[in-house]
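Chain residues, written in single-letter form:
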Amino acid sequence: MPDLKITSTVNNVDYSVYSDPEIFKKEQERIFRGPVWSYVGLAAEVPEANSYKSTHIGETPVVLCRGEDGAMHVWVNRCVHKGALVCRNSRGKAESGTFVCVYHQWAYDATGALRSVPYRRGVGGKGGMPDSFDIKNQRMTPLRVDTIGDMVFATFREDATELRDFLGNAMCSAIERIMIHPIKVIGSVGQRIKGNWKLYAENSRDSYHGGLLHLFYTTFGIWRPSQKSVGEIDEKFGFHNSFQVHKPSDDDSGAKHQTEASRDPGAVNLKDSRLLEIWPDMGDDITISIQSIFPSVVLQQIGNALATRQMVVRNNDEFDLIWTYFGFEQDSDEMLRQRMRSINMVGPAGYVSLEDGEATEICQEGVKGPDGHSQILMDLDNSTNPTIPMGLDENAVRGFWRGYLHLMEDGAKS
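Now for a look at the structure at hand.

1. Details of the overall build of the protein
Along the protein, the regular secondary structure elements total nine helices and 20 strands. Considering the protein as a whole, with its 414 residues, one finds that 52% of them fall into the buried category. Long-range contacts, defined as pairs at least 24 residues apart, comprise 66% of the intrachain contacts of the protein with a sequence gap of at least 6. With an accessible surface of roughly 18,900 Å², the protein has 49% of that area assigned to carbon and sulfur atoms.

2. Let's talk about the pattern of salt bridges
Evaluated as defined, the whole model comprises 17 salt bridges. Notably, a salt bridge pairs Glu162 with Arg144, separated by 3.4 Å at the nearest N-O pair. Of this pair, Glu162 sits in the loop between strand E12 (151–155) and helix H2 (163–167) while Arg144 sits in strand E11 (residues 144–148), and the two are 18 residues apart along the sequence. Across the salt bridge formed by Arg177 and Asp284, the nearest N and O atoms sit 2.8 Å from each other. Here Arg177 is found in helix H3 (residues 169–178), whereas its partner Asp284 is found in the loop between strand E15 (241–246) and strand E16 (286–293), with 107 residues between them in sequence. Judged by relative accessible area, which is 13%, Arg177 ranks as buried.

3. With respect to the nonpolar core
Of all hydrophobic cores here, the largest spans 82 residues; its most connected members are Met151, Leu167, Trp197 and Tyr404. Apart from the residues within four sequence positions on either side, Met151 is in contact with Tyr39, Gly41, Leu42, Asp146, Ile175, Met179, Ile293, Val297, Leu299 and Thr308. Grouped together as the second largest cluster of nonpolar side chains are 18 residues, Cys65, Cys87, Cys101 and Ala110 included.

4. Overview of the pairing of strand E18 (residues 305–315)
Burial analysis of E18 places nine of its 11 residues in the buried class, the great majority of the element. The sheet contact formed by strand E17 (residues 297–302) and E18 spans six bridges and is antiparallel. In the strand pairing of E18, Gln300 is matched with Ala307. Hairpin remark: E17 followed by E18, antiparallel, with two residues in the connecting loop; positive phi at Gly303, about 65 degrees. As paired elements, E18 and strand E19 (residues 318–328) share nine bridges and run antiparallel to each other. Paired with Thr308 across the two strands is Thr324, which belongs to E19. Here E18 folds back onto E19 in antiparallel fashion, the turn holding two residues.

The rules behind these values
Residues numbered from 1 in each chain as written. Predicted model: local features only at pLDDT ≥ 70, side-chain atom pairs only at ≥ 80, totals over all residues. Heavy atoms only, no water. Helix = DSSP H or I, 4+ residues; strand = E, 2+ residues; numbered from the N terminus. Buried < 20%, exposed > 50% of the residue type's maximum accessible area, 1.4 Å probe, protein only. Contact = heavy atoms within 4.5 Å. Areas by Shrake-Rupley, 256 points an atom, 1.4 Å probe, with all protein chains shown as cover. Salt bridge = Lys/Arg side-chain N within 4 Å of Asp/Glu carboxyl O. Core = buried A, V, L, I, M, F, W, Y, C linked by side-chain atoms within 4.5 Å. Pairing = 2+ DSSP bridges.

If you want it as structure tokens, here you go:
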């Protein structure tokens, strides 16, 4: 594995970490199937008994399912007979209460336990499974499951720390700040990004690019570096973080400040200015919240647009980004329409999200080949946790690499 050098002021990350197949293989073992909690979905996405969502943890296909008792279950989407996918749709409901493999009709319940096998005892005393076969001992591999707010996480490892300990107090508080009411899913979209998953994990932690790449922010005054903001990194490894931007006060002299990267606000106008409205939602003055949870999910609030972004890893240089938009069950029709307007800012074609996929892909293309050996992460003011204000350092990106290294190197020894 390449040496990922980390010092107190500058991180040097060897480019091969984004393309080396052996590193990718090791990530599957030590991160995605390691002592890590991975996000698998919102509980509101599986609202009824036997409803399910198919997804992945790393390369491994898994299913999130609600049981008859309302409990959340996650199991590997792999029939114990031939290894076929049992749930082939992205979402659905097992109306019969059983999940049936289409290949040989082996049937499972919502916990992943095997319930029936055709011709298990043969016909007329001939054929069937061997006498040693015990249906009670057969099931699809179950994972440990826990939730924070409406977010459901799972881990392959019995020795993984509890979810709240894995996330830390600051990250749990950031989730619970948004998940203050019962969740209502609005919809979801996905995009295929031709880049290594770690490039996007960096991107979501990189506030440095916020007002430089996403000019919609500065053009329409949604965010400026002078605005009150804070970045916080989790207490343990630093691989989770959250950024929050506060609405400027009337006496904030920086509210009218335009950075050198800003366009003249008079040059571009919106036909529907309601897009920029922010209706009272969380009971505070935070207008933007971007929370990156290791290894593969972002929880965001941009105005009234609430969403999760889940990375589904396909291979070493490709992943799907699944955006799930939500509101609250108590939302009025007017608030729902406002959320729908705000969603135009986020997602694959969002006014402040469109560029991230492209940035990931041009980095993946740029780091190929032997020329150039590492990226350098900035640290302009040598800030520590929390980082204030946003955009002036890359402490959160360095935190990602510190946690990543712990799992890939030190964590493998424990």
